[in-house]
Each structure stands twice: as structure tokens, then as C-alpha cells.
Amino acid sequence: MEPASNITRLLRAWHSGDPDAMDELMPLVYEQLRALASRYMHQEHAGHTLSPTALVHEAYLKLLSAETPWEDRVHFMAIAAITMRRILVDHARSSLRVKRGSGAERVSLDDVILLQRPRSIDFLALDEAISRLSLQDARKAKLIELSYFGGLNCEEAAAAMEISSATVNRDLKLAKAWLRQELSVLTSAQKAQSRMNGG
Amino acid sequence: MRTLISPEDWARLQEIFDAAADLQGVARGAFLDEKCAGAPDLRLRIDSLLTSLDGNTRVGGVVGSAAAAAIESSIQSELPVIGSRLGDYRVTGILGRGGMGIVFRAIRDDKEYQKEVAIKVAALTWFTPDLHQRFVRERQILANLDHPNIARLIDGGTTPEGMPFVVMEFVAGQPIDAYCSTKGLDRRQRIELMILVAHAVDFAHRHFVVHRDLKPDNILVAEDGSPKLLDFGIAKALDPDDSALAGSHTIDAMRLMTPDYASPEQVRGGAITTATDVYQLGALLYVLLTGRHPIHLTTGTFGSLERAICEAEPARPDLDPDLDRILLHALEKEPARRYASAGALADDLDRYLGGYAVLAHAPTWRYLAAKFVRRHRLGVGTIALILLLLVAFAAEMTILAHRAAQQARIANETTDFLVGLFEANDPAQGRGDKITARELLDKGSANLDRAGEQDPVVQVRLLDSMGTIYNTLGASDKAREMLERSLRLRLARLPRDDVAESDTLARLADVETDLSHYDSAIQLNMQALAAYRRRFGSPFGGSDERIALRLSKISSNYWEQDKMPQAEAFEREALALSTRLVGRHDARTLEMIGDLGTIVDLEGKALDAEPYYREFLAAEQAQSPPNLPDLGLAWNYLGWLHYRLGRFAESEQEMRNALALRIQAYGDQHPVTAGARSSLAYILLNRGKADEALALASEAKSTDLKLYGLSHRETTFAEDSLGLALLAKGRTAEARQEFQSALRARLALFPPDHMQTGKTWMFLAMADFAAGDLPMAAEESRKSVDIMQRVYGPHGHPQLAEFDAVLLETLTAQGKLEEAQEFGAASVAKLRSILPPGNPRLAAVESGWAWALYKGHKLDNAIALLRDALLIDEQTYGPTLAQTAQVGVRLAICLKSEGRTEEANSLFGRYRGALLGSANGSYDEERKWLSAHPGPAKAS
């Protein structure tokens, strides 16, 4: 079957409540994102401007045909957002392991720090903050995921969540402020912690 | 810390937050005082959230960095390790990442001396030829840039993992912005530093290179205060060969640069020109002088970035009016309105420092030209492409001049020149909209003739570009004229520049090759090669792939002349160097692999050739998206290989694949498609599919005639196939005409002792034999065998088999039985030693020799030979092809004359139909015999 129509079918199944469809969709999206991501990296200067949402958009262009109905597109991007977040979390965790564990034998410790700037910590903190936000307000956390990991615009996010655009705007404003606050608190707490440890 | 609150409190918080977010200052405070009265905890939370609302922790930034880190880590496993060696260098550390690679610190540590270098490895595990090429291009670009303020290229190579690297001068210094602040440079010193940078950029422009990623990290300043430009990672050559592809280099422009210094055209995906660097120099100077970026970029989304860069006017720097004007002029949104060159920017800064009036805001010719182009919109297609090429050239012309007066003059000249071209398409001149690319070019070259007093630099470049375009259009004579004029002009009026001269020589060699002037092409190629080697040569072969390319071109020239040992030697050298410089999977290396395979193949070492072909095919099949032309080529190679090995069924399928791909890649009416049709037709004749072969060959020839006319080598290939198809259909006289026409062309194109000429004599002999003109056939056939023996030497060549067979048949038919028997015996002995067993060409000679023996009443030997030949033909062609049937009938005739009627009759029964059904005049004798001896079925 054509990949596009296959994905469209899975999207519909997922949306109409078939949980297995997600299990089938996820690997497809994952692979596509990974392939695109590695291409981006290899296309120079990714470190400066790589945008996961651009990846999601491109994955969508690769996997779905131009005729795909708008709703399917929104659903696809919602799934891609979840996938993207998972990919990044998995990676950030494993890179922490590398830093602390044995993976550093290839290069000296200095080089590891140079290569993997301490971003993974920031990112895992962000991820945890989003998870905490979802305990407080699941919808807002979902919206953050859709817009930052999936690149959905306000209208698309509204469609995905079946709420109004005005609500999306309102929710996002608070959610972003909340996350920033969480992160700044965390960062200063971490700094204090590391000072105490003499690091 | 407890951050979660009850849903009720959360809802209340949201409500108050929303309302407060829209208020400012005192109003906000008053509002909060009222709403949060008695809830200090809530007030604290909301205050903190409102602060965060205006804060600058960017969620998107954190996510983006995480994504970048995730991706970067995927490539680290294949990178060199600290302490390991790369060529002559030992890796000592990591300097950082840049462009598409990682930069190592390393030292060259042979006994002689120790020298610190920076090695940039293209860390690409997922290495597409496209990226590979881009990296190699960087290497190429750097090799051409020898300037004190540009980091120098020292060497290049490929890691054991196949990642290409460049070795560069190690620059100990700090980024220009950090340098300015740590040294506490004042405004004047900062401007002076940037003038040096602008001159270096200008130098790059004059070598037809745009940096397009100028930013502090790429400009290091050494302790002594001299700046060095680094990282041409995404630099773009403005080379004429490249500018045709200009559009393709600018895709994904946004991803390729740092948004802080991105120009509007980069964000929009517009054409990247030298004006892009002018913008970036302006942005950099703005930052160095004001401490701010010209455009305030806040949010990270794509759209908002694009809008800000393309629409937001830069904040007035407020330095002083002249300096403000200079900066804003460099930062114009419209590329055509900026300084015409980095040199012009540097000059204006000089003027500013010297207290002279600055020129910022004088209208530039580019602006006018761009407006002109807009007024005279042209259709798409070739004309547009050629105009783009010429416009790109005109753009380059301006940067050649960095003195204002000269600039103005050249600008006018190039503008006039371009305007002249456009006028050809001006409806006011009564031409309407239709104009061919050729007309446009002719008009251009006429203008060039008239513009006698043009700057020689301008003229040389225009001549070179027009020469190339003419050749692309197939007007090789005109191309040669342009290029020769360019060379003469360069010699007479320009300072000596061996490399630039060689580039023109190389183009001229390619034109000569297209004109089939191989001796002259070799001489020109050798001349260019020698110059490249003087400049880029090294004990490993050299650091510049132009060396490899010329080696390969020389090989092709020798190949065309059938000087295979030379062709093989040059191709092997080219392949080794190209593998080292650009890697095994680069398209150019692959082409050499294919060529080497073919050369080895043509030398008669078919089995040695197969691995090269297979490597080529596998590499092409692995490409995604596929490169259709090269995939077609890969099948074509294998098709011919299997043809030569007598594996016709495989060959047919491969040729069909090739043809399908060619049609897809080139369209129906293209010389390459025509070539594929000719080839398939040739193979089909060995598959008994003469009708299809005839149709294909006719179509191929009519395409070639349209594109090339008679007397072109492409046309002669179609004529070969067409002639053979006609022969198979019994249209012997027409066949002869085709062969005659091919012979005329080849005698003009090649030396008399050439494989192609020899082959054509054999075809003529076949036609005359079929027509029953035996003396003529004998003469032509002898000629062909003689030529082939002179070409390939007495040791023989698989190709010779066909030629021997024709001569053998002719001698026998003439009744020169002794000579035929002797020649047959020698030929079969020779072929058995050089052909793999079961080759159908051996069968043809065995059959010919057997027939001579039969005529001389030596039946025993004849029968044995025919049995062997029949076995081979049955396996190769099957029973229904005339080739097999002829051998079968001959065997039956021999058996019958020995009295073994039963076996003979069964053979007659099996092959009679096939032979009578063939119209090919070559089988007339056997057909006559069959008619005179009605089959047993009819007799009984």
C-alpha cells in the first residue's frame, strides 16, 4: 500500500479510538523524523537553527500526500509532536549517561563537554516541567507539546484539541510563563546545588 | 518545592493572569492588589508568572538545542579519536564544530618539522554524494584562495571511514567580537579591522566565491591583530559551471546560516550573491560598533524571523550621519541596492576614516539592471537559464573592480551588454516574444565584438562563459572560437594566471573532444594538467580534483583513439586520486569506475571489467533518490558486457532497463536516448527480434539526424544498428547505404586504423556477402581484419572473432577453400584461448571453418565443429534464430552427405522453418539448398 494512504488509514483509526493504530504509526513517524534529523545535521549548521518543528513539518510532507485532508494532517502532527518529544528525551537521557559513564573513552572529558554542551540537563528539566504542568493542567501541557514539538500553529492546535483558537492563545500564554518560571527556579536551584558540592 | 495548586485556585489564577497580562505598570499593580486581596500566595505566583511572561527563557530554544544535540551525537562514533592519525597528521584535540564538520587540532609530526594545523572532517555518516560534493567544493574553493586574511588550505584526504577532510592553517585567535572587547578597541580600530575583513571577502569574491556565513565565529583575530576568515563551509562558488545550479544551492537557505547575520535573500531563499556578504559585513560592523544587532530578533518561529529580517528596518545606529549611512546602505533589504561589492564597502569606510564624503546611496547599476530585468520578463526554459548565467556573470564583473571609477565603467559596459541582449527580445524591436537561445547568444557575441574597448577581464570572462554555453547548445565551432579568443586576449592583456588559463584550456579541450579532435584535445588537456600539477600537485597526486578530472578526460581521449593501454593508465591514476580527494561514492569517482570498467572491458578483459560495473551499479542503486542517468548508464555497461560475453538474454533485459531509464531521465528525443535505442537494437538482432530492432534503430537515427546531422559519431552508431537490422530483414541494399554512410563519417572522424573504421568495413563486407558480391566482400573483409590486427596486435582480441567469421565465410563462398581452411584453423585456435567456453562468436568461426572443410570434403572435422557450434548457438540463441538454424542446417547437410539421413532429416525438420523464415541474405546458400531439397515431411 502507498505509504501516504497507509498513514492516513492509521490516523483515522487512531482518531476513532483504536489504540493499536498509534503503535503502528509511531515507528513510521519515528523513522522519518530520525532520517530527516540526521539529514539536517549533515546539512551544516544545524546547531544554530535546527528546529524540531521544521522536522515535523517536513516529515509530514514526506509521509503524507498533498491531498491529505486537513484533519488528518493535524492528527499526524499531533502524533509527530509526541514522537519528537520522546526522541529528544531518550537522547538527552542517554547523553547524560555517556557523560557520566564509560562512553567517554573515545575522547577526553573536556571534549565531551565541548561537544555536548550542557543542554541535555536544560532539556530534561524542561521535559519534567512539562510533565508537571500536565498534572496541573493537562490541556496546557498538551498544547505546549503540540506547538513546540509538533510545530502546530494556533488554528491547528485548536483543531487537534477541539477547542477555540482564543482558548489556545490564552492557555499558551499562561503555560509558557509557567514553564519559564519553573525553569528559572530550577536553574538557580541547580546552581546552588552545584556550588554546595564544590562543582 | 510545591508548585501544584488546586484546580479551583488554578482557574482563578488563570483568570487574573489573563486580565493582568493585558495591563501595564501601575494599572496592573492596582488590578492585582484588588483581585488578590487576602491571597498573598496567589499574588506572589501571579507576579512571578507575569515576570516570566516578559522574560527571555526561550522554551523553543531549549527544545531546539536538545534536537541539535540529539542529532550531533549520532555522528560521533565514526569520528577520529584524539591521538589517532589522519594521513601525516596526529589529532591532538578538538577545536569545535563548524559548518558540516568537526574541526580537530592536529600536528604534522614527521621528523622534519612539527606544524600545528586544523583539520576539518566532514562528519557525515549519512553521506550523500550531494553533501560530499559540497564538502569537496569547499576544499576546492579554499585551494583557490591564497590571501593573508583567509585561512589557508594545506592538504586534503579521506579518513579510513571514508569521510573527507581538509587540513587548514591553524589560526590561534579569538572571534572578532571577543577580540574587540578584550582589547578594548575604539571605533576607529574596529572599523580598520573590518576594512581588512572586507578586503579579504572582496578577494574571495574576485575568485568567484561568496562566503555567505560571515559572523564573529568565522572571523578570528590573531594576537598581532590580523583577522583570518574561516569556514567556507557553505560558501558558494560563483563559477560559471556552478551558477547554472545556483537555485539548487540556495534551498534550505534558512537552515544554512545563523539568523543573527542572515540577509533577507537568504531567509527568503532568493539568489545568494556577493551582495549577501556585503549585508553580513554590514551586520557584523553594526554589532561591533553599537553592541546591538541591526534587527532585533525575539521569537524563534520561522515566520516571525523571516518577517523581521525581510521587513523590519534596522534601527538607526546613531553613530554619526556618514557612518549610519554606510551601515544602512550595506544593510539594504534589496540586494541590488547595497554596495556593489565588499571592496566598495571597504573603500567607503576608508573614505569615512579619511574624512572624505562617503558614497553610500549612490544608485548601483545592479539596482538598475534588476529593474530592467523586471520590466522585460522572459519566458522560462533555456533562455531564462542563459540569461541567469549571463546576469550572474555581470554580477561578478562588478566585484572585479574595487575602485569606484573602474567600477562605474565596468558596470556601464556590462549593463550595456546585458541591455543589448534584452533588446533582442524587446517587442518594440518587432521581434515578438520568440527568440531562441542561440539567437540570443549570437546577438551577445556580436555585441561583444562591437564593444572593442571593454575591460579585458570582463571580456575574457564573458568569452569563457559564452564559449561554454555555445558548447552546451551543441555549437562547438562557435564555442571554440570564443574560447580561443579568450585565450588570446588573456595572453595579450592580462597578468599571467596559469590556473585561470588552464581552466579555459580545459574547456577548450572539452570542445575539441566534442568535435572529435582528439589529438588536439589531448594536447590541451595535458597542458592544463601540467599547470594544475604545478599549482596543486603533491606526492600523493595532488590536492585538487581538477587534476583527476583532466586525467580522466585524457583517458577518454585516448579511448576514443582506441589507445587502450594509455586510456587504462590515465583512468587508473584519475580513479586513485579522485577516490582520495572526494571519496569512492562521489559521482565523479563513480563515473571513473564505470569508465575504467569499460576500458578494461574493451581491452578484452570482460571478466575483469565486471566487478567495476557491479560496483557502479550497486552504488547507483543505493542512491535515493536515484540518479536516473547514471543508473541508466550502469545498466548500459552491463548490457554491453553481457553482449560481449554472449549472454544475450541478460543483455537484452539490461539494455531495456537502460532505455527505460534514459527516456525517463532525458526524454524521448535526446542523443542519449537515441544511443540507448541503437544499443538495444544491436542486442535484439542477436535475439531474433529484427522487427523491433529495425523500429528502434530507425527512431534512433532520425533523432540523431535531427540533433547532429550526418557524419557525427552518434549518428554512425544508429546507422550500425539500422544497417544490421535491415540486413536481417533482407533489405541488403538499404543496409549497405547505412554502412556506407557510417564509413564516410568514420573515415573523416578517426584515423584509418581505428576499431570503428575496421568494424564498418566488416559490416560492408557482410552486406556485400549477402548481396552476393563476393569479390567486394572479400576485399572489405580483409581490410577489416587487417585493421583489427593492427589495432589490437597479433595476440588477438575477442572483438576479432566477428571479423574473422565474415572473412572466413567470404573466402569459402569464393571457393578459396585452402586459404579458408587455414585461416579457420588459426582463428579457432586463437579464439579458444581468449574467449570463455561457450561464446557464440567462437561458434560463428567454428561454423565458418566447418563449412570450408565440408566444401573440401573433410567431413569428419566439419561435423565435429558444427556439433560444437550448434550446441553453443542452441544455448545462446535457441532453435528459432537464423544464426542457430544456419549451423543446424549445415550440420544436417554434412550428415546427409555422409549418408546419415535420419539424423539429418530430424535436424532439417528442426531448423528448416527458422532459416526459410529469415530474409537475411547471408543465409542464401543454405536457403537455396533447402529449397532444392524439399523436407522429408513433404517428400514422404
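Residues numbered from 1 in each chain as written. Chains lettered and ligands numbered in written order. Predicted model: local features only at pLDDT ≥ 70, side-chain atom pairs only at ≥ 80, totals over all residues. Heavy atoms only, no water.

Here we look at the overall build of chain B
Secondary structure assignment for chain B yields 42 helices and 11 strands. Taking all 940 residues of chain B together, the buried fraction comes to 58%. Residue pairs in contact within chain B that sit at least 24 positions apart in sequence constitute 62% of those at least 6 positions apart. If you sum the accessible surface of chain B, you get close to 37500 Å²; carbon and sulfur atoms cover 54% of it. (Helix = DSSP H or I, 4+ residues; strand = E, 2+ residues; numbered from the N terminus. Buried < 20%, exposed > 50% of the residue type's maximum accessible area, 1.4 Å probe, protein only. Contact = heavy atoms within 4.5 Å. Areas by Shrake-Rupley, 256 points an atom, 1.4 Å probe, with all protein chains shown as cover.)

Observations concerning the overall build of chain A
When its secondary structure is counted, chain A shows 10 helices and zero strands. The helix and strand sequence of chain A, counted from the amino end, reads α-α-α-α-α-α-α-α-α-α. By residue count, 53% of the 199 residues in chain A fall in the buried class. Contacts spanning at least 24 positions in sequence make up 66% of the contacts within chain A whose residues lie at least 6 apart. Working note: accessible area of chain A is about 9200 Å², and carbon and sulfur atoms make up 53% of it.

Overview of the side chain of Ser678(B)
Mapped onto the secondary structure, Ser678(B) falls in helix α29 (residues 671-684). Excluding residues that lie within four positions of it along the chain, Ser678(B) makes contacts with Ala700(B), Phe717(B), Ala718(B) and Ser721(B).

Observations regarding the packing of aromatic side chains
All names here are of chain B. In this structure the tally under the stated criterion is 11 aromatic pairs over all chains. By the ring-pair criterion, three or more aromatic residues cluster together here, those being Trp640, Tyr643, Phe648, Tyr682 and Tyr877. The ring centre of Tyr643 lies 5.1 Å from the NZ or CZ of Arg841, which sits over that ring. (Phe/Tyr/Trp six-rings, centres within 6.5 Å; stacked < 30°, edge-to-face > 60°. Lys NZ or Arg CZ within 6 Å of the ring centre and 35° of its normal.)

Re a negative patch on the surface
There is a patch of like negative charges on the surface, built from Asp18(A), Asp20(A), Asp23(A) and Glu24(A). By secondary structure assignment, the location of Asp18(A) is in the loop between α1 (3-15) and α2 (19-42). (Patch = residues over 30% accessible without salt bridge, like charges linked within 9 Å, V, L, I, M, F, W, Y side chains within 5 Å. Salt bridge = Lys/Arg side-chain N within 4 Å of Asp/Glu carboxyl O. Lys, Arg positive; Asp, Glu negative; His and termini not counted. Charge placed at Lys NZ, Arg CZ, Asp CG, Glu CD.)

Here we look at the sheet that holds strand β9 (residues 219-222) of chain B
Residues and elements named next belong to chain B. The strand order across the open sheet formed by three strands is β7-β9-β10, and the pairing between neighbours is antiparallel. Bordering the open sheet on either side are β7 (173-175) and β10 (227-229), each of which pairs with just one other strand. Shown here is a sheet whose adjacent strand axes are inclined to one another by a mean of 35°, direction ignored. Pairing geometry for β9 and β10, over three bridges, is antiparallel. Opposite Leu220, over in β10, you have Lys228 as the bridge partner. The strands that helix α7 (residues 187-206) touches are β9 and β10; relative to β10, the one it contacts most, it runs at about 30°. (Pairing = 2+ DSSP bridges. Axes fitted to C-alpha atoms, helices over the stretch in contact; angles between N-to-C directions.)

Description of the pattern of salt bridges
All names here are of chain B. Tallied over the full model, the rule gives 65 salt bridges over all chains. Between Glu501 and Arg496 there is a salt bridge, with its nearest N and O atoms 3.3 Å apart. A relative accessible area of 64% means that Arg496 is categorised as exposed. Between Arg588 and Asp586 there is a salt bridge, and its shortest N-O distance comes to 2.8 Å. A single network of salt bridges, built from pairs that share partners, joins Glu652, Arg656, Arg687, Lys689 and Glu692.

Section: the packing of helix α13 (residues 321-330) of chain B against helix α14 (residues 342-354) of chain B
Residues and elements named next belong to chain B. One way to put it is that α13 packs onto α14 with a least axis distance of 10 Å and a crossing angle of 175°. Looking at the two axes, α13 sits roughly antiparallel to α14. Contacts between α13 and α14 involve Asp322, Leu323, Ile326 and Ala330 from the former and Leu345, Asp348, Leu349 and Tyr352 from the latter. Looking at the contact of α13 with α14 residue by residue, the classes come out as six nonpolar, no polar and two charged. (Parallel < 35°, antiparallel > 145°, perpendicular 65-115°, else oblique. Nonpolar A, V, L, I, M, F, W, Y, C, P; charged D, E, K, R; others polar.)

Regarding the environment of Leu853(B)
Residues and elements named next belong to chain B. Its place among the elements puts Leu853 in helix α37 (residues 840-855). The spacing of Leu853 and Glu822 is 31 residues in sequence and 9.8 Å in space, taken between C-alpha atoms. Setting aside residues no more than four positions away along its own chain, Leu853 makes contact with Gln821, Lys858, Asn861, Ala862 and Leu865.

Focus: the pairing of β9(B)
Residue and element names in this part refer to chain B. Judged by which residues are buried, β9 turns out to be covered on both faces: Ile219 and Val221 on one side and Leu220 and Ala222 on the other are all buried. As judged from the three bridges shared by β7 and β9, these two strands associate in the antiparallel manner. Looking at β9, one finds that Gly173 is bridged to Ala222. Between β9 and β10, which follow one another and run antiparallel, lie four residues, and Gly225 among them has a positive phi close to 90°.

Considerations on helix α34 (residues 774-792) of chain B
All names here are of chain B. A rise of 1.5 Å per residue sets the reference length of α34, with its 19 residues, at 27 Å; its end C-alpha atoms lie 26 Å apart and thus fit the reference within 8%. Turning to α34, its buried residues number three or more, namely Leu774, Ala777, Ala778, Glu780, Ser781, Ser784, Val785, Ile787, Met788 and Tyr792. Elements in contact with the buried residues of α34: α25 (587-602), α32 (732-749), α33 (755-771), α35 (800-813) and α36 (817-834). N-cap assignment for α34: the residue whose side-chain oxygen lies 3.3 Å from the backbone N of Met776 is Asp773. One or two positions beyond α34, positive phi appears at Gly793, with a value near 85°. (Expected span 1.5 Å × (residues − 1). Polar contact = N/O pair within 3.5 Å; in protein donor to acceptor, adjacent residues only side chain to side chain.)

Thoughts on unusual backbone geometry
All names here are of chain B. One non-glycine residue, Asp318, adopts positive backbone phi at about 55°. As for its position among the elements, Asp318 is in the loop between α12 (302-311) and α13. A relative accessible area of 59% means that Asp318 is categorised as exposed. Within the chain, His857 stands out as a residue other than glycine whose phi angle is a positive 65°. Positionally, His857 belongs in the loop between α37 and α38 (859-877).

Observations concerning the confidence of the model for chain A
Residues and elements named next belong to chain A. Across chain A, pLDDT averages 67, with 56% of residues at or above 70. Summarising per-element confidence for chain A, the mean pLDDT is lowest in helix α6 (residues 109-115) (30) and highest in helix α8 (residues 138-149) (89). The model gives residues 41-50 a pLDDT under 50, and that stretch makes 46 contacts with residues more than four places away or in other chains. Low pLDDT, under 50, characterises residues 98-119; the predicted model gives this stretch 35 contacts beyond four residues in sequence or across chains. (pLDDT = per-residue confidence, 0-100.)

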